[in-house]
Amino acid sequence: MALQARRYGRPPVPENSSSHDLDALWRQTQERLRGSVPESTYRLWLEPLEAAGVEGGTLFLTAPEGIRAWTERRYSSLIAEALRDSNAGLERVSFAEAGPITGGPENDPKLNPNYTFERFVIGPGNRLAHGAALAVAEAPSEAYNPLFLHGPPGLGKTHLLAAIANYLRDNAPGLSVRYTTAESFTNEFVTALKSSGNEAFKARYRDIDVLLIDDVQFLQGKPATEEEFFHTFNALYESGSQLVLSADRIPSELSTLASRLRDRFEWGLTVAVEPPNLATRLTVLRRLVEEAGVEIADSEALTELANRIDANVRLLHGALTRVLAHASLMARPLSSELIAEVIPRHRSAQPTSVEEIQQRVAERFGISRAELVGSSRAATPLRARQVAIFLTRDLTDLSLPQIGRLYGGRDHSTVLNSLRRVEASLDEDAELAEKVRELRGAIHNPVAEER
């Protein structure tokens, strides 16, 4: 099988290794891991891992975005030891980040089962978006076509797109459904042009019943891709296929996108997805804590955390993950006191800008921002650049190629190498770990309040 991951990518399983054998091997390994760590640790950090493929003596694992880096740093050696005990000839593990949804040439893409309408936490800021998405899933091409969801990152737009695809997979298996991102659409189109496979590309995207495109703002500035998507949109719309689109802003604010494409985005229903209120944030936290099997030491702990993180659900999930990690390492209960130590209080949580990250990191390392994003291989600029890339990955919703373009046009592998170098150093270099902690706090909480 040839699996793909949204950010890091997954290797194919060799022909001599069936998916059944791989799944059986991983189940055996998980049983060994369960017996070597506390149950709460296993459920939080190890149970969500999935085997993706084998290459040489390495087992490739996928992990949800919120736990991948921590699990890789803390538990890689433990997993590798359990693998060696299996006598399967595997001695190493490598991690890839599991995307919310992956698609292949098949009509039934592999979807994250957690992204469903039932698991979407509804609040005042997303009730209309949820209702519109459900209506589209129940009656494709009859309710709203196209459906355009917009709002800042981390509010659940991808969840809703994937929920539509999951619903159709379960309830209308005869329909051909494809989910992708604007960036993936662009990459596939460029590859098709280079390989003279444009007709196959057109068939892949125009001969379907439902097309879901995430982050269409990334079509801006790519005239050839815009042109192709314009014709794809027209072909699908005229044939009666359903289109669902998402972006970080309303169509009229996609200023560099061709006006004829912006106009088409507004033909159907345009719905905003807004930040969650306190009650919604509390509901999200209670569900996450319940699923993690974690006990709460005092009744106000989750309220304290929900009050400290108010920007979006993704940041809220990340904050809870950090708190649970500290609780696990220090053998302390999840309490308001621990939350106050790990998550500083702030007046507002605005979306983090890459410019702010670059400027603060440059100042902390005593170099200019130009040196930070430049080509210098001297020790200080190089280390500062790696830290800035690491924080950009941690504090923004940008993909690896997008991050690379913001750091001097570096490629995907260079960005990935920077991430791994910083992650590997955090456990061994106390000074670096302190710098990263201080920078994350300064960037994430620019106006700290007295506790």
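Look up a bit, the structure's there.
Residues numbered from 1 in each chain as written. Predicted model: local features only at pLDDT ≥ 70, side-chain atom pairs only at ≥ 80, totals over all residues. Heavy atoms only, no water.

Enquirer: Describe the sheet that holds strand β9 (residues 242–247), with residues and values.
Expert: Strand pairs in the sheet, formed through backbone hydrogen bonds, run parallel or antiparallel to each other. Taken together, the five strands give an open sheet; going across it, the order is β7-β8-β9-β6-β10, and neighbouring strands pair in parallel fashion. Looking at which strands have only one partner, the edges of the open sheet turn out to be β7 (177–181) and β10 (269–272). Within the sheet, the average angular offset between the axes of one strand and its neighbour, ignoring direction, is 15 degrees. Here four bridges tie strand β6 (residues 147–150) to β9, and the two strands are oriented parallel to one another. Bridge pairing in β9 places His150 opposite Ala247. Packing against the sheet, helix α6 (residues 182–194) makes contact with β7 and β8 (210–214), and its axis sits at approximately 95 degrees to β7. Helix α8 (residues 223–238) contacts β8 and β9 of the sheet and is inclined by roughly 140 degrees relative to β9. (Pairing = 2+ DSSP bridges. Helix = DSSP H or I, 4+ residues; strand = E, 2+ residues; numbered from the N terminus. Axes fitted to C-alpha atoms, helices over the stretch in contact; angles between N-to-C directions. Contact = heavy atoms within 4.5 Å.)

Enquirer: Give a description of the packing of aromatic side chains that names residues and reports values.
Expert: A complete count under the given rule lists 12 aromatic pairs for this structure. Each ring, one from Phe189 and one from Phe201, has its centre 5.5 Å from the other, and the planes form 50 degrees; the classification is tilted. One end of the pair, Phe189, is in helix α6; the other, Phe201, is in helix α7 (residues 198–206), and 12 residues separate them in sequence. Phe201 matches Phe189 in its accessibility class, with the two residues each being buried. Within the aromatic cluster, the residues linked to one another by ring pairs are Phe148, Phe185, Phe189, Phe201, Tyr205, Phe229, Phe233, Tyr237, Phe265 and Trp267. Across from the ring centre of Phe230, 3.7 Å away, lies the NZ or CZ of Arg260, which sits over that ring. Geometry around Phe365 places Lys435 over its ring, the cationic atom sitting 4.3 Å from the centre. (Phe/Tyr/Trp six-rings, centres within 6.5 Å; stacked < 30°, edge-to-face > 60°. Buried < 20%, exposed > 50% of the residue type's maximum accessible area, 1.4 Å probe, protein only. Lys NZ or Arg CZ within 6 Å of the ring centre and 35° of its normal.)

Enquirer: Explain the environment of Leu161 to me, and be specific about the residues and the numbers.
Expert: Its place among the elements puts Leu161 in helix α5 (residues 157–171). Separated by 51 residues in sequence, Leu161 and Leu212 have C-alpha atoms that sit 6.5 Å apart. Non-local contacts of Leu161, meaning those with residues more than four positions away in its chain, are made with Leu149, Tyr179, Leu212, Ile213, Asp214, Val244 and Ser246.

Enquirer: Lay out the pattern of salt bridges with the relevant residues and their values.
Expert: According to the stated counting rule, one finds 11 salt bridges in the structure shown. Arg204 is the salt-bridge partner of Glu188, the closest N and O atoms lying 2.8 Å from each other. Of the two residues, Glu188 is situated in helix α6 and Arg204 in helix α7; the sequence distance between them amounts to 16 residues. A salt bridge links Glu227 to Arg260; the nearest nitrogen and oxygen atoms lie 2.3 Å apart. Of this pair, Glu227 sits in helix α8 while Arg260 sits in helix α9 (residues 259–265), and the two are 33 residues apart along the sequence. On the basis of relative accessibility, which here comes to 33%, the residue Arg260 falls in the partly exposed class. (Salt bridge = Lys/Arg side-chain N within 4 Å of Asp/Glu carboxyl O.)

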